[in-house]
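# Residue-level structural notes
Here are the chains, one letter per residue:
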Amino acid sequence: RTPASAPKPPTAAEISVADIGTDPVDIAVAKVNGENPMEGILELRTLAEETPPNLDAVMWLGRFSVQSGQLDKARERFDQVIDAQPDRVEAYWERAMLDMEEGYLEDAVQGFDLCISADEMYVNGRFFKARCLEAMGKADQALTEYKSYLPLSPDTAVTKSVEGIIERLESDLSGSGI
């Protein structure tokens, strides 16, 4: 769910017990991916409930909530991080992706805008914003976003796909739809 262009947090699968060091969040995430996932979740919850809460643990609980389909709980976790640390762009990104997934497209657009303006590494926010705008029936705005994303696209396959979307939208907007 993190944009390909943004610095990526390690995934649970990438954190092995041998590589985790002493960070309690990393240890808990490794356990979630190991033989006893619930032990890791309980450790993350404990860290998240500390005063002050460990916001890395809260973020991971949000991500794991998305994976398990507990979307309301995920939203609560991401909002908790945003409330505690308003400059933490990854929490806005995760919430915008969740908004998009749940069909809250206007909220998703606002979230992607915030990510893009806060951190240039979130260039894929332009792509997802364009998808939301297109789904909202705002083809002209979507076209603008796709065009702004095109020079930033991470690889040629994505570039080709976005070029196809742009051609389709231009055709639709000019009235000569397929």
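The structure reproduced in this document is the subject of the present report. The numbering scheme is per chain: residues are counted from 1 as the chain's sequence reads. Local features in this predicted model are restricted to residues of pLDDT 70 or higher, and side-chain atom pairs are both shown and tallied only at a pLDDT of 80 or more, whereas totals for entire chains, interfaces and linings draw on every residue. Side-chain numbers here rest on the full set of heavy atoms in the structure, without hydrogens or water.

## Here we look at the overall build of the protein chain
A run of DSSP states H or I qualifies as a helix once it reaches four residues; a run of E qualifies as a strand once it reaches two. Both are numbered from the N-terminal end. Scanning the protein chain from terminus to terminus reveals 9 helices and 0 strands. Reading the protein chain from its N end, one meets helices and strands in the order α-α-α-α-α-α-α-α-α. Partly exposed residues are those whose accessible area sits between 20% and 50% of the maximum for their type, while under 20% is buried and over 50% is exposed, using a 1.4 Å probe and protein chains only. A buried classification covers 43% of the 178 residues belonging to the protein chain. In what follows, residue pairs with any heavy atoms lying within 4.5 Å of each other are defined as contacts. Excluding contacts between residues fewer than 6 apart, the proportion of contacts in the protein chain whose partners are at least 24 apart in sequence is 42%. Per element, the accessible surface of the protein chain, about 9500 Å² overall, is 51% carbon and sulfur. Accessibility throughout is a Shrake-Rupley quantity obtained with a 1.4 Å probe, and a residue counts as covered only by protein chains that appear here.

## Observations regarding the packing of helix 5 (residues 89-102) against helix 6 (residues 105-118)
Throughout, an axis means a line fitted to C-alpha atoms (over the contacting stretch in the case of helices), and angles, computed between N-to-C directions, take values from 0 to 180 degrees. One way to put it is that helix 5 packs onto helix 6 with a least axis distance of 8 Å and a crossing angle of 155°. The angle between helix 5 and helix 6 falls in the class roughly antiparallel. With respect to the hand of their crossing, helix 5 and helix 6 are arranged in left-handed fashion. Listed contacts from helix 6 to Val89, Tyr92, Trp93, Ala96, Met97, Asp99 and Met100 of helix 5 are Leu105, Asp107, Ala108, Gly111, Phe112, Leu114, Cys115 and Ala118. As a working rule, the residues Ala, Val, Leu, Ile, Met, Phe, Trp, Tyr, Cys and Pro are called nonpolar, Asp, Glu, Lys and Arg charged, and the rest polar, with Gly in that last group. Of the residues that constitute the contact of helix 5 with helix 6, the class distribution is 12 nonpolar, 1 polar and 2 charged. Angles are sorted into four bins: roughly parallel if under 35 degrees, roughly antiparallel if over 145, roughly perpendicular if 65 to 115, and oblique for all others. Should the near helix be turned anticlockwise from the far one by less than a right angle, the crossing is left-handed, and should it be turned clockwise, the crossing is right-handed.

## Some details on the environment of Gly125
Structurally, Gly125 can be placed in helix 7 (residues 124-135). Residues Gly125 and Glu145, 20 residues apart in the sequence, show an inter-C-alpha distance of 9.5 Å.

## A look at the pattern of salt bridges
Counted as salt bridges are all cases of a side-chain nitrogen of Lys or Arg within 4 Å of a carboxyl oxygen of Asp or Glu. Counted according to the given criterion, the structure contains 16 salt bridges. As a salt-bridge pair, Asp56 and Arg88 come within 2.5 Å of each other at their nearest N and O atoms. Taken as a pair, Asp56 in helix 3 (residues 55-67) and Arg88 in the loop between helix 4 (71-84) and helix 5 lie far apart in primary sequence, 32 residues in all. With a shortest N-O distance of 2.6 Å, Arg63 and Glu90 are connected by a salt bridge. Of this pair, Arg63 sits in helix 3 while Glu90 sits in helix 5, and the two are 27 residues apart along the sequence.

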